[in-house]
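Tertiary structure, described
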Amino acid sequence: MLFGRFLSGTAPALVGQRLYLRQPLSADFETWAALRAVSRGHLQPWEPSWAEDALSRDGFRRRLAWFEKIKRQESGEAFFLFARRDDSLLGGITLSNIRRGAAQCGELGYWIGQPYAGQGLMGEALRLMMQHCFGGLNLHRLEAATLPENVPSQRLLLRAGFQAEGIARQFLKINGVWRDHRMYGRLADDPGL
């Protein structure tokens, strides 16, 4: 069982009731590729276009290199979500574009594998991540963006205490098309953390 190993200090973990978050490792490749493959139809409508080799070992290495770069530059952190009961990979959550100085702000992005969608797992992961961001990283504000038709993601953010703040026109290129996004924000001192 991997869970005990990650709590022992070999990889930092954020631990919740049903899941834990830890930084991705190269050993996660096969499990990650399998979950992303089975979830492709569930994820692609909400994500940037997948590269031809998105699920290849080289594609995963590039992803890990980016995760390591943002961590090293202190501009972000990436975590995978794992079930405590059996260490199954559930999804991922990333903090990026950390802005220090007067802003003390960062942006959240997340995905959940199709077999685990709708079970409240991402809500638990989001709460752990917010505690880490507002506590451990001392951020003042978190932001997230969703496509206007992504109602489940919007409900998730609202339940987590985020507030809708408006529309950003052609904010991200999703699945090959520049798309408007509904913007959400949450402050460290907003109630309910």
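Everything discussed here concerns the structure shown above.
I will try to describe carefully the structure that is included in this document. (Residues numbered from 1 in each chain as written. Predicted model: local features only at pLDDT ≥ 70, side-chain atom pairs only at ≥ 80, totals over all residues. Heavy atoms only, no water.)

Of all hydrophobic cores here, the largest spans 47 residues; its most connected members are Leu21, Leu81, Leu95, Leu126, Met129, Leu142 and Phe162. Here this core takes 9 residues from helix H5 (residues 121-136), the largest share from any one element. With residues up to four places along the chain from it excluded, the contact list for Leu126 reads Ile93, Leu108, Leu156, Leu157, Ala160 and Phe162. (Core = buried A, V, L, I, M, F, W, Y, C linked by side-chain atoms within 4.5 Å. Buried < 20%, exposed > 50% of the residue type's maximum accessible area, 1.4 Å probe, protein only. Helix = DSSP H or I, 4+ residues; strand = E, 2+ residues; numbered from the N terminus. Contact = heavy atoms within 4.5 Å.)

Looking now at the pattern of salt bridges. Evaluation of the coordinates by the stated rule reveals 13 salt bridges. For Arg18, the salt bridge goes to Glu124, with nearest N and O atoms at 3.3 Å. Placement of Arg18 in the loop between strand S1 (13-15) and strand S2 (19-22) and of Glu124 in helix H5 is noted, with a sequence separation of 106 residues between them. We classify Arg18 as partly exposed; its relative accessible area is 37%. A salt bridge links Arg179 to Glu149; the shortest N-O distance between them is 2.8 Å. Residue Arg179 is located in strand S8 (residues 177-187), and its partner Glu149 is located in the loop between strand S6 (141-146) and helix H6 (151-159); the two are separated by 30 residues in the primary sequence. Look at Glu149 and you get partly exposed, because its relative accessible area is 41%. Salt bridges sharing partners connect three or more residues here, namely Arg99, Glu107, Arg141, Glu143 and Glu165. (Salt bridge = Lys/Arg side-chain N within 4 Å of Asp/Glu carboxyl O.)

With that settled, consider the environment of Ile70. Summarising the element assignment, Ile70 is placed in helix H4 (residues 57-72). Taking relative accessible area as the criterion, Ile70 reaches 5% and is therefore assigned buried. Contact partners of Ile70, with chain neighbours within four places excluded, come to Ser75, Gly76, Glu77, Thr94 and Leu95.

Now for the side chain of Ser75. Relative to the helices and strands, Ser75 is located in the loop between H4 and strand S3 (77-83). Here Ser75 is in contact with Ile70, Leu95, Ser96, Asn97 and Ile98, once residues within four sequence places are set aside.

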